[in-house]
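Geometric and topological summary
Residues per chain, in single letters:
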Amino acid sequence: METLMASIQIACKRIASLVARAGIEDLTGMEAGGGSINVQGEEQKKLDVISNDVMKNSLRYSGRVGVIGSEEEDAPVLIEEAYNGKYAAVFDPLDGSSNIDAAISTGTIFGIFLEDGEECLVDDIESVDDAELQCLLKTLQPGRGLVAAGYCMYSSSTILVFTMGNGVNGFTLDPTIGEFVLTHPNIQIPERGSIYSINEANYHAWEPCLQEYVDNLKQGKGESGQAYSARYIGSMVGDIHRTLLYGGIFGYPGDSKNPNGKLRLLYEGAPMSFIIEQAGGKSTTGSQRVMDILPKEVHQRVPVFLGSPKDIEEVESAYKAAGIEKNY
C-alpha cells in the first residue's frame, strides 16, 4: 500500500503542476478542439484526457494495481497482462474540470479495493473480448470493500486527504520542498453544520420533501433551529473538502430530469462516502447507505447526500416521512 500511495501522490503533484500552468501551456479548452466525448456523453477537456493518462501511468508503474476504473474509460481497464496486481483502483482524474478555464478549484478522487481473488487472463490488453470484459467487471465491489480512498484538491494550495480505514488525515503540498506535509491530522467532521451545498437550479425538479427540507434550512425551521448558508462550487472535491472541515450537508439528489442523480457511485460516491464516514459523518441516497450499494456497471449513477451525521439523519427523515425508499 505504501508503494501505491506513493504513486498516487506523484500523480497528484504532476496534475497539480498541469492545472497551475493550464493557461500558460494552452491546456484549457476542449480535447481535439471539441467533439471528443467520453462514455457518459460528456465533452472532454484537454486536461481530462491528460490527467487520466497521468493517473493510469502512475498506477501501472506502482506494480500493485491490476485493474482500473476511470471516468474517462468505457470499461474496466487491465494495466497488467495477467492481472497479478493486488489492488483494483478507481478514480475520477479531474473532477470539476468544467471549472478549469475559470481557475476554480478542481480535484482528483480515488478509491482502492483489494482484488477479489479471481484472476483475469487477458491475451491482448488493447483488445479485450466479451468474456474477458465480464471477468474484469466482476472486480466491481461496493464501497464497504474499499481499503483506501482519498482526493487531491488543486486550489490556492494542493491538498491530499485520504483514509486507509483508520481515520482521515490531510496533507498540504509544500512547493519549496516538493513534498506533502501533514497539516490536518485526524480530521473529524462537526456533528452538525450550518452550510448546505446543493445545486438549487434543479429545485423545481426535486421531490417535494427535498424542496421542503431545503426551504426549512434557509428559514431556520429545521431541527437545529438555525438558518443555514448556501455554498456551492460545482466541484465535488472543493464542496466536500469544505463540508469535511466546516460541517453541514453536500447533496446531488435524483430529480425528475435525472432520477439517479449525476454522480458516479464507483469513483465519486463510494470513495467520498468512505472518507466522510471515517471522519465521523454519514452518507446516503436518501434511503440507502451509499457504501452498501453493489455497482452494476463502472459508470452507474446514484443520488448522494454526504456530511455531518445530524444533517444526514435529518434529510433521511424527510425522505422516510414522504414514503420514499429505493434501493440502487
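Each value, and the rule that gives it
- Residues numbered from 1 in each chain as written.
- Predicted model: local features only at pLDDT ≥ 70, side-chain atom pairs only at ≥ 80, totals over all residues.
- Heavy atoms only, no water.
- Buried < 20%, exposed > 50% of the residue type's maximum accessible area, 1.4 Å probe, protein only.
- Helix = DSSP H or I, 4+ residues; strand = E, 2+ residues; numbered from the N terminus.
- Disulfide = S-S within 2.5 Å.
- Pairing = 2+ DSSP bridges.
- Contact = heavy atoms within 4.5 Å.
- Axes fitted to C-alpha atoms, helices over the stretch in contact; angles between N-to-C directions.
- Expected span 1.5 Å × (residues − 1).
- Core = buried A, V, L, I, M, F, W, Y, C linked by side-chain atoms within 4.5 Å.
- Salt bridge = Lys/Arg side-chain N within 4 Å of Asp/Glu carboxyl O.

With that settled, the discussion passes to helix 5 (residues 236-246). Within helix 5, 9 of the 11 residues are buried, leaving the element largely enclosed by the surrounding structure. For helix 5, the complete set of buried residues consists of Met236, Val237, Gly238, Asp239, Ile240, His241, Arg242, Thr243 and Leu244. Positioned one or two residues after helix 5, Gly247 has a phi angle of 85°, which is positive.

In this structure the tally under the stated criterion is 1 disulfide. Cys12 shares a disulfide with Cys152; S-S distance 1.9 Å. The S-S bond linking Cys12 to Cys152 shows a torsion near 80°; that makes this disulfide right-handed. Separated by 140 residues along the polypeptide, Cys12 in helix 1 (residues 2-20) and Cys152 in strand 5 (residues 146-154) bring together distant segments of the chain. Considered together, Cys12 and Cys152 belong to a single accessibility category, that of buried residues.

So, about the sheet that holds strand 6 (residues 158-163). The strand order across the open sheet built from 8 strands is 2-1-3-4-5-6-7-8, with neighbouring strands paired in mixed fashion. What marks the edges here is a single partner per strand, and that holds for strand 2 (77-78) and strand 8 (179-184). On top of the sheet, helix 2 (residues 46-62) reaches strand 1 (65-70), strand 3 (87-95) and strand 4 (106-114); it is set at about 155° to strand 3, its chief contact. Of the strands in this sheet, strand 3, strand 4, strand 5, strand 6, strand 7 (168-174) and strand 8 touch helix 5, which is tilted by about 105° from strand 5.

Across its 12 residues, helix 4 (residues 208-219) extends 16 Å between first and last C-alpha, which sits within 8% of the 16 Å expected from 1.5 Å per residue. Within the sequence span of helix 4, burial applies to Cys209, Leu210, Gln211, Tyr213, Val214 and Leu217. Taken together, the buried residues of helix 4 touch strand 9 (195-197), strand 11 (249-252), strand 13 (304-307) and helix 7 (309-321).

As a further point, take the nonpolar core. Membership of the largest hydrophobic core comes to 38 residues, with the highest contact counts inside it found for Tyr151, Leu244 and Met272. Counting only elements with at least two residues in this core, the list comes to strand 3, strand 4, strand 5, strand 6, helix 5, strand 11, helix 6 (265-278) and strand 13. A per-element tally of this core places helix 6 first, with 8 residues.

Now for the pattern of salt bridges. Inspection of every chain in the model, using the stated rule, returns 15 salt bridges. The partner of Glu71 in a salt bridge is Arg264, with the nearest N and O atoms 2.6 Å apart. On the criterion of sequence distance, the pair formed by Glu71 in the loop between strand 1 and strand 2 and Arg264 in the loop between strand 11 and helix 6 is long-range, its members being 193 residues apart. You can call Glu71 buried: its relative accessible area is 6%. By relative accessible area, which is 4% here, Arg264 ends up buried. Across the pair Arg192 and Glu314 runs a salt bridge whose closest N-O atoms are separated by 3.0 Å.

Our focus in this paragraph is the sheet that holds strand 9. Read across the open sheet, the 5 strands follow the order 10-9-11-13-12; overall the sheet is mixed. On the outer flanks of this sheet lie strand 10 (229-230) and strand 12 (282-284), each paired with one strand and no other. Note that strand 11 and strand 13 share 4 bridges and pair antiparallel. Each bridged residue has a counterpart across the sheet, and for Ile249 the counterpart in strand 13 is Gly307. Against the sheet, helix 5 makes contact with strand 9, strand 11 and strand 13, and its axis sits at roughly 150° relative to strand 11, the strand it touches most.

This part takes up the environment of Thr158. Checked against the element boundaries, Thr158 lands in strand 6. Residue classification places Thr158 among the buried positions, given a relative accessible area of 11%. C-alpha of Thr158 to C-alpha of Thr172: the two residues are 14 residues apart in sequence and 5.8 Å apart in space. Excluding its chain neighbours within four sequence positions, the residues that come into contact with Thr158 are Ala16, Met153, Phe171, Thr172, Leu173 and Phe180.

Within strand 1, 6 of the 6 residues are buried, leaving the element largely enclosed by the surrounding structure. In the sheet, strand 1 pairs with strand 3 via 5 bridges, with the strands oriented parallel. Across the sheet, residue Val65 finds its bridge partner in strand 3, namely Tyr87. With 2 bridges connecting them, strand 1 and strand 2 associate as antiparallel partners. The partner of Ile68 across the bridge, within strand 2, is Val77. Where strand 1 folds back on strand 2, the antiparallel hairpin that results is connected by 6 residues.

Structural measurements only, silent on function.
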